Amino acid sequence: MTLHQYALIAVMAVVVIILRSIPFMLFSGKRKVPASLLYLGRVLTAAAIAMLVVYSLYGNLNYPTCGVKNLLPGLLASAVTVILHCFLKNPLISIIAGTACYMLTI
C-alpha cells in the first residue's frame, strides 16, 4: 500500500470516530435526549430494513432477463426469515435460515 492509501484510511477512521462520539459528547451528563431523537431511534431501524427489503425484491423483479421468476426465491426467503423470527425471536437464526433458503432456491 502507498502512503496515500494509508492517509486515506487514517482520515476515514478519524472521521468515523468523531461522528460516532458526537452523540455521547452532546447527551452525556445532565442534558436530556430530545423526544424526537428517541422516536427516530425507534423507527429508523425498521424503516431502513423495510427499504432494503423493497429495494432488493424490486431489483430482482427488474432484472433484465427474467422478471417475476427472479422474485420468487426472494419472497420465499423473506417469508422464512419473518416466520422464524416471529416464532424464535433470534435474529441470527432467522437471517442464516433465510439466507440458506435463498441460496438453495436460486
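Residues numbered from 1 in each chain as written. Predicted model: local features only at pLDDT ≥ 70, side-chain atom pairs only at ≥ 80, totals over all residues. Heavy atoms only, no water.

### Some thoughts on the overall build of the protein chain
- Looking only at helices and strands, the protein chain features 4 helices and 0 strands.
- Helices (α) and strands (β) of the protein chain occur, in sequence order from the N terminus, as α-α-α-α.
- For 106 residues, the compact-globule estimate of 2.2 N^0.38 gives 13 Å, and the protein chain exceeds it by more than 25% at 20 Å.
- Each of the three principal axes of the protein chain carries a C-alpha extent, and together these read 50 × 45 × 25 Å.
- Among the 106 residues that make up the protein chain, the fraction classed as buried is 8%.
- Sequence-distant contacts in the protein chain: of pairs separated by 6 or more residues, those separated by 24 or more amount to 26%.
- Surface summary for the protein chain: the accessible area is close to 8800 Å², and the carbon and sulfur share equals 77%. (Helix = DSSP H or I, 4+ residues; strand = E, 2+ residues; numbered from the N terminus. Rg over C-alpha atoms; globule rule 2.2 N^0.38 Å. Buried < 20%, exposed > 50% of the residue type's maximum accessible area, 1.4 Å probe, protein only. Contact = heavy atoms within 4.5 Å. Areas by Shrake-Rupley, 256 points an atom, 1.4 Å probe, with all protein chains shown as cover.)

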